[in-house]
Amino acid sequence: MNAAKPKPKVVFEAVAKDFERRGEALRVLDPIDLVVREGEFVCLLGPSGCGKSTLLSIAGGFEPPTAGRVLIDGEPVSAPSPRRVFVFQEYGIFPWASVWDNVALGLRALSKEQQYERIQATIDLVGLTGFEKSYPMELSGGMKQRVGVARALAVAPDVIYMDEPFGALDSLTRLTMRAELIRIWQTRRPTILFVTHDVDESIQLADRVVVFSPRPGRIAGIVEVGLPHPRDLGSSRYGEIKNELYELLGVRHAI
Ligand SMILES: Nc1ncnc2c1ncn2[C@@H]1O[C@H](COP(=O)(O)OP(=O)(O)OP(=O)(O)O)[C@@H](O)[C@H]1O
Ligand SMILES: [Mg+2]
């Protein structure tokens, strides 16, 4: 008998999106159906312009779909909520605020004592202990991105949307950040939807990789990664998954 599957957390029901361009409708997303389960780490992989960021904005309640709906815990999403947070490529942190104050921003509803505990624990979790009083300009790119991740985690969200959060970092720092993100995800088990156009990044992070076609975005295929963490980047299964993803993206024999 199968073990009970975690329950659906984020459900896309025939979510479609048109934008208007020069008076005409531009179809960005063809109807998308997708069920992301509680605690799952899903990567959305696809070429530039296929609608990945748009789909996240819809799931976050920032952008209405043209058709269909997104359900979270069975409830239709209609507006942003602190239960669901974003981490963007460009850090999204305030240059005029210290690391501590950046992390504190979403916590005003808590008592001073609770805030203090939560902020310190989160800063420790992302490895920024000792830099509480530093300002973003005094930090490296990787550290700034850790502040962005800390700010998102501090509010104890149950869904985290990440839109190419490590895109601006060098390749070694990206590897470190991915490892740290997996460690944090294993500790807290939020549901994560992570957008990337990096095939390796998706295989290193995801339970499942959802591959999108070029605009209008459609799901070209879903690949179950099924490798335990820490992942062996040189294993034959890793190579097979990479080939599958290149195939779905239509770039396996592109060069
Ligand atoms: N607010 C908007 N108004 C009009 N068109 C938009 C708007 N936002 C996005 N688009 C268009 O929708 C399409 C998809 O954009 P989106 O940003 O979702 O793509 P993406 O997959 O995230 O691309 P990238 O990988 O480059 O970030 C693009 O053609 C873009 O021009
Ligand atoms: Mg984008």
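In short, a report on the structure. Small disclaimer: the values here were computed from a predicted structure and weren't measured. (Residues numbered from 1 in each chain as written. Chains lettered and ligands numbered in written order. Predicted model: local features only at pLDDT ≥ 70, side-chain atom pairs only at ≥ 80, totals over all residues. Heavy atoms only, no water.)

Ranked by size, the top nonpolar core spans 48 residues in total, and within it Phe-41, Met-162, Leu-181, Ile-192, Phe-194 and Leu-245 carry the most contacts. With 7 residues, the single largest contributor to this core is helix α4 (residues 141-154). Taken domain by domain, this core gets at least three of its residues from each of domain 1 (36-63 + 75-83 + 160-255) and domain 2 (88-156). The contacts of Leu-181, once residues within four sequence positions are left out, are Phe-41, Met-162, Phe-166, Ile-192, Phe-194 and Leu-205. Cys-50, Leu-56, Val-159 and Val-195 belong to the second largest nonpolar core, which has 26 residues in total. (Core = buried A, V, L, I, M, F, W, Y, C linked by side-chain atoms within 4.5 Å. Buried < 20%, exposed > 50% of the residue type's maximum accessible area, 1.4 Å probe, protein only. Helix = DSSP H or I, 4+ residues; strand = E, 2+ residues; numbered from the N terminus. Domains from an automatic or database assignment. Contact = heavy atoms within 4.5 Å.)

Turning to the site of ligand 1, a few remarks are in order. Taken together, 13 residues surround ligand 1, and among them Ser-48, Gly-49, Lys-52, Ser-53 and Thr-54 come closest. A distance of 3.2 Å is found between an oxygen atom of ligand 1 and a backbone nitrogen or oxygen belonging to Cys-50. The contact in question runs from an oxygen atom of ligand 1 to an N or O atom on the side chain of Arg-215, over 3.2 Å. Starting from 640 Å² of accessible surface for ligand 1 in isolation, the protein chains cover 64%. With 3 residues, the top contributor of residues to the shell around ligand 1 is helix α1 (residues 52-60). Classifying every residue of the shell around ligand 1 by side-chain character gives 4 nonpolar, 6 polar and 3 charged. (Near = heavy atom within 4 Å. Polar contact = N/O pair within 3.5 Å; in protein donor to acceptor, adjacent residues only side chain to side chain. Areas by Shrake-Rupley, 256 points an atom, 1.4 Å probe, with all protein chains shown as cover. Nonpolar A, V, L, I, M, F, W, Y, C, P; charged D, E, K, R; others polar.)

Per the counting criterion, the structure on display carries 20 salt bridges. One salt bridge connects Lys-7 with Glu-38, and the closest N-O pair in it is separated by 3.9 Å. Placement of Lys-7 in the segment before β1 (8-21) and of Glu-38 in the loop between β2 (24-37) and β3 (41-45) is noted, with a sequence separation of 31 residues between them. The salt bridge involving Asp-198 is made with Arg-174; its shortest N-O contact spans 3.7 Å. (Salt bridge = Lys/Arg side-chain N within 4 Å of Asp/Glu carboxyl O.)

With that settled, consider a nonpolar patch on the surface. A cluster of nonpolar side chains, Leu-172, Leu-175 and Leu-233, forms an exposed patch at the surface whose accessible area comes to about 280 Å². In this structure, Leu-233 sits in the loop between β10 (219-224) and α7 (236-249). For Leu-233, a relative accessible area of 41% corresponds to the partly exposed category. (Patch = residues over 30% accessible without salt bridge, like charges linked within 9 Å, V, L, I, M, F, W, Y side chains within 5 Å.)

Further remarks concern helix α3 (residues 112-125). For an α-helix the count is 3.6 residues per turn, leaving residues at separations of three or four pointing the same way. Over its 14 residues, α3 extends 20 Å from the first C-alpha to the last, a length consistent with the 20 Å expected when each residue adds 1.5 Å. Those residues of α3 that sit buried are Gln-115, Ile-119, Gln-120, Thr-122, Ile-123 and Leu-125. Where the residues of α3 are buried, they touch α2 (99-104), α4 and α5 (171-188). Positive phi shows up at Gly-127, right after α3, with a value of about 80 degrees. (Expected span 1.5 Å × (residues − 1).)

Before going further, it helps to examine the sheet that holds strand β5 (residues 75-76). If you walk across this open sheet you meet the 4 strands as β2-β1-β4-β5, and the pairing is antiparallel. Across the chains shown, the open sheet's two edge strands, defined by having one partner strand only, are β2 and β5. Bridge count between β1 and β2: 10 bridges; the pairing is antiparallel. When the bridges of β2 are listed, Phe-19 appears paired with Leu-26. Each of β1, β2 and β4 (67-72) is contacted by α1, which is oriented at about 120 degrees to β1, the strand it contacts most. (Pairing = 2+ DSSP bridges. Axes fitted to C-alpha atoms, helices over the stretch in contact; angles between N-to-C directions.)

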